[in-house]
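A look at the structure
What follows is the residue order along each chain.
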Amino acid sequence: MEEQKRSFFEEGQILLFNKPLYWTSFDLVGKVRNIIRKTHNIKNIKVGHAGTLDPLATGLMIICTGKFTKKIDTFRDLDKEYVATFHAGATTPSFDLETETDYTFPTNHITEGLIRRKLSEFVGEQKQMPPIYSAKQIDGKRAYEFARKGIEKELTPVTVFFREIEFLSFSFPEIKVRIRCSKGTYIRSFARDLGIALESGCYLSALERTAIGDYTVASAFDVEKFQEYAEQMQQN
């Protein structure tokens, strides 16, 4: 019986998690691995994630254990859904709250009607420039390593696809939007591009990933609930 309990995660599980704010994706993977090891007395267990989230983002991450870590790539290709909040009238070098505001812009002309019109223009295929504060590889290093040292490097635009963009609210200076998009899309870059489209500036002030394919954050564990779940499995 003990062997069956121990093998549950080793045989392979697909686990949905709601990543806390400020945690890195690797923080979450490490925490899940430690919970499994301690509650099920497993010395070594494979645990991996199917797509990162920035520390300043919350929401859905898919984590695979044991033999199912071989399936990770199938999840990375799925569309993603986000609820994003953009701060209008200013920009930051990282396009989010990781860095301080560098420029401010006029906003008196920004209305809900203008926002709705400009959002509709992004639906479909787009060429998007990844943010320099990203994990993109440049000369064998992550782009953010150069950015944080003030070294300018050129990135290559990538093709992305916006399936749906839904206006949710506008309470100045915050614009809230639901976005369903292809893999490889940077919502921080969308913030920059939306600011340009509005003839102003925008940066990403909050981001939640709400879905990956048909998997939703509503079905996800938080870390405390997963701890309880793992303990109860071992006790039964």
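Residues numbered from 1 in each chain as written. Predicted model: local features only at pLDDT ≥ 70, side-chain atom pairs only at ≥ 80, totals over all residues. Heavy atoms only, no water.

Some words on unusual backbone geometry
Quick note on the threshold: The secondary structure listing takes helices from DSSP runs of H or I that are at least 4 residues long and strands from runs of E that are at least 2 residues long, numbered from the N terminus.
The omega torsion across F172 and P173 is 5°, close enough to zero to call that bond cis. Tracing the sequence through the fold places P173 in the loop between strand 10 (158-171) and strand 11 (174-181).

Points about the pattern of salt bridges
Going by this rule: Only one rule defines a salt bridge in this text: a Lys or Arg side-chain nitrogen within 4 Å of an Asp or Glu carboxyl oxygen. Partly exposed describes any residue whose relative accessible area lies between the buried limit of under 20% and the exposed limit of over 50%, with all areas from a 1.4 Å probe on protein chains only and scaled to the type maximum.
Going through the model one piece at a time under the given rule, you end up with 12 salt bridges. Here E11 ties to K67 by a salt bridge, and the two come within 3.4 Å at their closest N and O atoms. Of this pair, E11 sits in helix 1 (residues 2-11) while K67 sits in the loop between strand 3 (57-65) and helix 3 (72-76); the two residues are 56 residues apart in sequence, bridging distant segments of the chain. In this structure E11 comes out as partly exposed when scored by relative accessible area, which is 43%. Between R178 and E166 there is a salt bridge, and its shortest N-O distance comes to 2.7 Å. Of this pair, R178 sits in strand 11 while E166 sits in strand 10, and the two are 12 residues apart along the sequence. The class of E166 is partly exposed, set by a relative accessible area of 35%.

Section: the side chain of R209
What counts is decided by this rule: Charged residues are defined here as Lys and Arg on the positive side and Asp and Glu on the negative side; His and the ends of the chain fall outside this count. Counting of polar contacts relies on pairs of N or O atoms within 3.5 Å, with two restrictions inside protein: one atom must be capable of donating a hydrogen and the other of accepting it, and residues adjacent in sequence are counted only when both atoms are side-chain atoms.
Along the chain, R209 falls in strand 12 (residues 202-212). Buried charged residue R209 carries no salt bridge. Nearest counter-charge: D54, at 8.9 Å. Separated by 3.4 Å, the side chain of R209 and the backbone oxygen of T52 make a polar contact.

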